[in-house]
Amino acid sequence: MGLPSLTLLGQSLLSGLFIGALYGLLGLGLSLSWGMLRQINLAHFALAFLGAYLTYQLAGAGMDPLATLAVVVPFFFALGVLMHWLLARFSVSAFNSLLVSFGFTAIIEALIQWIWTADFRRMESAYGEVKFRVGALYVALPELLTLAMALALSLLVWAWLRHTYTGKAMRAIAEDAPIAAAFGVDVRGLSLLLSGLSAAFAGVAGLCLALSYTLAPGQIYAWLGVVFAAVMLGGLGNPLGPLVAGIVIGVSEALTMALTAPAWAPLVSFSLLIVVLLARPGRI
Amino acid sequence: MPAANQSVRAVLGALLALALAAQSALAAPSGPPVRIGSTLALTGPLAATGLVHKIVGEIYVEELNRKNGLLGRPVEWVLKDDQSRPDLARTLYEQLITVDKVDLIMGPYATANILSAMGVAQRYNKVLIHHTFGTPSLAKYDMQFPAGGLAGDPDNTIPRLVFDALAASAKPPKSVAVVTSKFPSVHFISLGAREAAKKRGLREVAFLEWDFGNRDFGPIAARLKDAKPDFVWVGGLGLEGNLLIDAMRKIDYMPPLHFHLFPAPGPLLKAAGGENALAATTFEEHAPFTDNPVAVEFIRLYHERGAKAGLPDTSVENQSAISYSSWQTLEAAVSGAGSLDDKAIAQWLKKNPVDAIVGRLRWDGPFNYIYGTDLYKVKQNQKGKWVIVWPKEFAAPGARLITP
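Residues numbered from 1 in each chain as written. Chains lettered and ligands numbered in written order. Predicted model: local features only at pLDDT ≥ 70, side-chain atom pairs only at ≥ 80, totals over all residues. Heavy atoms only, no water.

**Some words on the overall build of chain B**
When you go through chain B residue by residue, the secondary structure sums to 12 helices and 14 strands. A compact globule built from 404 residues would reach a C-alpha radius of gyration of about 22 Å, and chain B, at 24 Å, matches this within 12%. Taking all 404 residues of chain B together, the buried fraction comes to 58%. Residue pairs at least 24 apart in sequence account for 69% of intrachain contacts in chain B once pairs closer than 6 positions are excluded. Carbon and sulfur atoms provide 56% of the accessible area of chain B, an area that totals close to 15,900 Å². Seen as two clouds, the 43 positive and the 39 negative side-chain charges of chain B have centres 2 Å apart. (Helix = DSSP H or I, 4+ residues; strand = E, 2+ residues; numbered from the N terminus. Rg over C-alpha atoms; globule rule 2.2 N^0.38 Å. Buried < 20%, exposed > 50% of the residue type's maximum accessible area, 1.4 Å probe, protein only. Contact = heavy atoms within 4.5 Å. Areas by Shrake-Rupley, 256 points an atom, 1.4 Å probe, with all protein chains shown as cover. Lys, Arg positive; Asp, Glu negative; His and termini not counted. Charge placed at Lys NZ, Arg CZ, Asp CG, Glu CD.)

**Remarks on the sheet that holds strand β14 (residues 385–390) of chain B**
Residue and element names in this part refer to chain B. Ordered by their spatial adjacency, seven strands build an open sheet running β7-β6-β8-β9-β10-β13-β14, and the pairing between neighbours is mixed. Each edge of the open sheet is held by one strand with a lone partner, namely β7 (203–210) and β14. Strand-to-strand twist of the sheet, defined as the mean angle between neighbouring strand axes without regard to direction, takes the value 25°. Taken together, the five bridges between strand β13 (residues 377–382) and β14 define a ladder with antiparallel strand orientation. The residue bridging Gln382 from the neighbouring strand is Lys385, located in β14. Sitting on the sheet, helix α5 (residues 154–167) is in contact with β8 (231–238), β9 (257–263), β10 (278–281), β13 and β14, with an inclination near 140° to β8. (Pairing = 2+ DSSP bridges. Axes fitted to C-alpha atoms, helices over the stretch in contact; angles between N-to-C directions.)

**Let's talk about the side chain of B:Ser175**
Residues and elements named next belong to chain B. With respect to the helices and strands, Ser175 occurs in strand β6 (residues 175–181). A polar contact is formed between the side chain of Ser175 and the backbone nitrogen of Asp230, at a distance of 2.9 Å. Setting aside chain neighbours within four positions, we find Ser175 in contact with Leu202, Arg203, Val205, Lys228, Pro229, Asp230 and Phe231. (Polar contact = N/O pair within 3.5 Å; in protein donor to acceptor, adjacent residues only side chain to side chain.)

**Quick look at the interface of chain B and chain A**
Accessible area lost upon the coming together of the parts serves often as the stated size of an interface. Tallying the contact residues gives 36 residues for chain B and 39 residues for chain A. Here chain B meets chain A over a buried area of about 3,000 Å², counting both sides, of which 57% is carbon and sulfur. At the junction of chain B and chain A, the tally comes to four salt bridges. Measuring nitrogen to oxygen at the nearest pair gives 3.9 Å for the salt bridge that ties B:Asp252 to A:Lys131. Linking chain B with chain A are 15 residue pairs in polar contact (both at pLDDT 80 or more). Among the secondary structure elements, those contributing two or more residues to the side of chain B that touches chain A are α2 (47–66), β7, α7 (218–227) and α8 (240–250) of chain B. A per-element tally of the side of chain B that touches chain A places α7(B) first, with seven residues. Taken together, the residues of the side of chain B that touches chain A sort by class into 19 nonpolar, five polar and 12 charged. (Buried area = accessible area lost by both parts, 1.4 Å probe. Salt bridge = Lys/Arg side-chain N within 4 Å of Asp/Glu carboxyl O. Nonpolar A, V, L, I, M, F, W, Y, C, P; charged D, E, K, R; others polar.)

**Description of the packing of helix α2 (residues 43–60) of chain A against helix α3 (residues 69–89) of chain A**
Residue and element names in this part refer to chain A. Running from N to C, α2 and α3 point in directions that differ by 150°, and their axes come no closer than 11 Å. The angle between α2 and α3 falls in the class roughly antiparallel. Judged by the twist between their axes, the crossing of α2 over α3 is right-handed. Contacts between α2 and α3 pair Ala43, Leu47, Leu50, Gly51, Leu54, Thr55 and Leu58 from the former with Val71, Val72, Phe75, Phe76, Leu79 and Met83 from the latter. (Parallel < 35°, antiparallel > 145°, perpendicular 65-115°, else oblique. Left-handed = near helix turned anticlockwise from the far one by under 90°.)

**Some points on the pattern of salt bridges**
Residue and element names in this part refer to chain B. Scanning all chains against the criterion turns up 22 salt bridges over all chains. For Asp342, the salt bridge is made with Lys126, and the minimal N-O distance between the two is 3.0 Å. Residue Asp342 is located in helix α12 (residues 342–351), and its partner Lys126 is located in the loop between α4 (111–123) and β4 (128–130); the two are separated by 216 residues in the primary sequence. Exposure remark for Lys126: the relative accessible area of 9% places this residue in the buried category. Where Arg360 meets Asp355, a salt bridge forms, and the shortest distance between an N and an O atom there is 2.8 Å.

**Describing a nonpolar patch on the surface**
Residue and element names in this part refer to chain A. Side chains of Leu111, Trp114 and Ile115 sit close together on the surface and give an oily, nonpolar patch of about 360 Å² of accessible area. Tracing the backbone through its elements, the reader meets Trp114 in helix α4 (residues 94–116). Classification of Trp114 by relative accessible area gives exposed; the value is 71%. (Patch = residues over 30% accessible without salt bridge, like charges linked within 9 Å, V, L, I, M, F, W, Y side chains within 5 Å.)

**Describing α12(B)**
Residues and elements named next belong to chain B. Considered for burial, the residues of α12 that qualify are Asp342, Ile345, Ala346, Trp348 and Leu349. Buried residues of α12, viewed axially, fall in a sector of 160°; they line one side. On its buried face, α12 is in contact with β3 (104–106), β4, β5 (144–146), α11 (318–337) and β11 (354–356). The N-capping residue of α12, defined by a side-chain oxygen 3.3 Å from the backbone nitrogen of Lys343, is Asp341. (Arc of directions from axis to C-beta.)

Now the structure itself:
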């Protein structure tokens, strides 16, 4: 193979950036619940796909895909609150939350399959046909929307945690919940709020999945590994972490695929994870 | 004369009685059911295609029971969900044989699960008819019978089929890119495509492999665009071809011709960018396949049941057809052997071909595979419909391979 063209490199960089943004968006809710609530919520991926299917269904009924957020986000917020209430009610530990949420995943996957069957579903929308040309490079609108949403949500959450009283209270809970409670922080209420937000973010990620991908229930698990890597690399509870890490992973995978054998791409992301964990084991 | 009339009436009466008795014997099967056990991927990543096989199996068993069943006995299909997992398929086949004590077994869906079932079948000396085994070199069990129409050397037969079709087209390609998933069954066939292209003097401008489950096809699409092949061989399974087409469209690129090895046919048919895509098949809903009344009836029933099951695409194509053919094979073998004995059924199959809806199936080669030839054809997505374009004798009426 000769030297790759600048167009190839540029297009691959863009591709990596966009898929990295999706990793980040998928990882945002997971990182917050893991880092701040000490709950490893595997069901986050199933919720994202449930969100994708709901978006598909509502768009099929004539709703604009972006407008479906008006339905999906509050519904998922409520689901997230309910899930956390259940986990808190039974005092489920961090490790056990992994097992319980795996159970939720299986239930949600079965529900998706029951309603929409296991067959492939593709949401056709006007957004899918739009792309912009920037010199020799192309930028597709669905991917741009994903990047925009990932950036907006990550920055909003970061600003909320850093600059608002509620955000600071949330960070205090993550640091030491009993002491935070002793200082008057409503641990229970804020935990429910955060869980609701995490699930709502999964719903938003679902919209992005539906805009760009064909859906099948079995694909829930295809995203687990790389998103977990993004969350761990980005630092648990850090709202900007999954996005930055996701983009690093996405771009490194894309450049690997552009310059060498595409089959080596997963090697890159997981090698990065191993190196970072070895260098900074205190990340988790 | 009166005596002669009486004799005639007696004979006619006897004949009528015999005819009525024969009809009532055919009216409904009776006795203890013949239990046929199998698993399918009813959940998990393979469930979309597993559902197709489930519908076909239900149709076939119902039709069997509407006629004379198997050996005059009703048929009961004992179906379990292997969740797309080969380890679970193995356990369930053990269960079907030792606990459920089924009379016969039928193969599951997809290579890995069939391989698991084959190991169990071998342990218990059960005959195993299967349809979607993609790695014939691994089928070393003497009583396994592939009914999917694939040759023992698909890495030779399928590329030859495709390149013959291209060579006979109005604009044969001069350069080729081979891009493939590393999923075992598609990978080795795609390597065969590389060899075939080289032997025909085609210039290989790109060879790319990705891990099964790859999500980002952007860089692969960009490399194809840079390479500018006349023809792209996509060794993709399920949605991989669709993902690649999506990625290519995003950068405003489509290769002049592209072939997809084992695509999910419905999504590829409907995909923007899927027009004129080529794929492999054993059956499509047009002549000469629809000259067969059995196929016509199956098509009608499948449309009905597929719509009821909520399938987005209810046309009979490769998966549903080879599934039906495997049931036809089982029925023919049991009837032919006159027995439910697995060894007798196996011996019958080795000596007798079966005319299924996909064509004539036979098993008189090494490990019951035929080498050098198969029942596959090349189809093309033309105006939102799959039509066979090669070989010419199976092409849809008036259809030809559309080249740019």
